[in-house]
Amino acid sequence: MLQDPNLRQALAISFGAIAGALSRYYLTLWFASRFGTSFPYGTFFINVSGCLGMGFFSTLAVEKVAIISPELRLMVATGFLGAYTTFSTYGLESLALMRGGNLLTATGYWFGSAILGVFSVQLGVIVARFCR
């Protein structure tokens with residue numbers, strides 16, 4: 001059963017996602033109890049630390065430690081960091097576009113995701129208020 005790579009990959013992502021989601025949840029609660037809710041300190045910390053983690057782990061896995069298994073890569077990058085914060089993936093993809101020389105595309109992706117993301121949240125609020 002565990003010989004099937006598709007199952008191993010799905011399990012790796014799932015276990016990482018559970019840990020990432022729980023980490024995000026409990027860190028958010030901790031920051032709110034410690035610093036209040038006047039500023040989203042928890043989310044801010046999670047986004048920044050998730051980007052740091054993504055940069056560190058992806059560089060380690062690709063450039064430094066070739067022995068890291070594909071399942072472990074999926075568990076940490078896709079599972080844990082993906083559930084912890086998708087902002088880390090956004091940061092990694094933005095950097096990849098910039099390093100690839102696609103500065104206009106990178107800038108559009110970078111600003112577009114942030115601006116359209118906020119507008120989309122507001123649109124979702126408006127649409128939900130029309131629902132009964």
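Residues numbered from 1 in each chain as written. Predicted model: local features only at pLDDT ≥ 70, side-chain atom pairs only at ≥ 80, totals over all residues. Heavy atoms only, no water.

A word on the overall build of the protein chain. The helix and strand tally for the protein chain stands at 5 helices and 0 strands. In sequence order, the protein chain lays out its α and β elements as α-α-α-α-α. In the protein chain, which comprises 132 residues, the proportion classed as buried is 17%. In the protein chain, of all internal contacts separated by at least 6 residues, the share reaching a separation of at least 24 is 56%. With the model as given, the accessible surface of the protein chain reaches about 9300 Å², and the carbon-plus-sulfur share is 71%. The average position of the 8 basic charges and that of the 4 acidic charges among the side chains of the protein chain differ by 16 Å. (Helix = DSSP H or I, 4+ residues; strand = E, 2+ residues; numbered from the N terminus. Buried < 20%, exposed > 50% of the residue type's maximum accessible area, 1.4 Å probe, protein only. Contact = heavy atoms within 4.5 Å. Areas by Shrake-Rupley, 256 points an atom, 1.4 Å probe, with all protein chains shown as cover. Lys, Arg positive; Asp, Glu negative; His and termini not counted. Charge placed at Lys NZ, Arg CZ, Asp CG, Glu CD.)

A cluster of nonpolar residues, Phe-15, Ile-18, Leu-22, Tyr-25, Tyr-26 and Leu-29, forms a patch on the protein surface that exposes about 660 Å² of accessible area. Looking at the secondary structure, you find Tyr-25 in helix H1 (residues 5–35). For Tyr-25, a relative accessible area of 47% puts it in the partly exposed group. (Patch = residues over 30% accessible without salt bridge, like charges linked within 9 Å, V, L, I, M, F, W, Y side chains within 5 Å. Salt bridge = Lys/Arg side-chain N within 4 Å of Asp/Glu carboxyl O.)

Once that is clear, we can look at H1. An α-helix turns once per 3.6 residues; consequently, residues spaced three or four apart project the same way. Relative to the 45 Å expected for 31 residues at 1.5 Å per residue, H1 spans 44 Å between its end C-alpha atoms, a close match to the ideal helical length. Within H1 the residues assigned to the buried category are Ala-12, Gly-16, Gly-20 and Phe-31. A positive phi of about 85° marks Gly-36, the residue just after H1. (Expected span 1.5 Å × (residues − 1).)

This part is about the environment of Gly-50. Within the element layout of this structure, Gly-50 appears in helix H2 (residues 41–64). Using a relative accessible area of 0% as the deciding quantity, one classes Gly-50 as buried. With 26 residues separating them in the primary sequence, Gly-50 and Arg-24 have C-alpha atoms 9.9 Å apart.

Moving on, we come to the nonpolar core. Membership of the largest hydrophobic core is limited to 8 residues, which are Ile-46, Met-54, Phe-57, Ala-61, Ile-68, Ala-77, Leu-81 and Tyr-84. For this core, the elements supplying multiple residues, two or more each, are H2 and helix H3 (70–84). With 4 residues, H2 is the single largest residue contributor to this core. Excluding residues that lie within four positions of it along the chain, Ile-68 makes contacts with Phe-57, Leu-60, Ala-61 and Arg-73. (Core = buried A, V, L, I, M, F, W, Y, C linked by side-chain atoms within 4.5 Å.)

Per the UniProt record, "transmembrane region" (unreviewed entry) is annotated on residues 12–32, 44–62, 74–97 and 109–131. Here residues 12–32 is 100% helix and 0% strand, with 30 Å between the C-alpha atoms at its ends. For residues 109–131, helix accounts for 96% and strand for 0%, while the C-alpha atoms at its two ends are 31 Å apart. (UniProt positions renumbered as here; feature names shortened; annotations may be inferred.)

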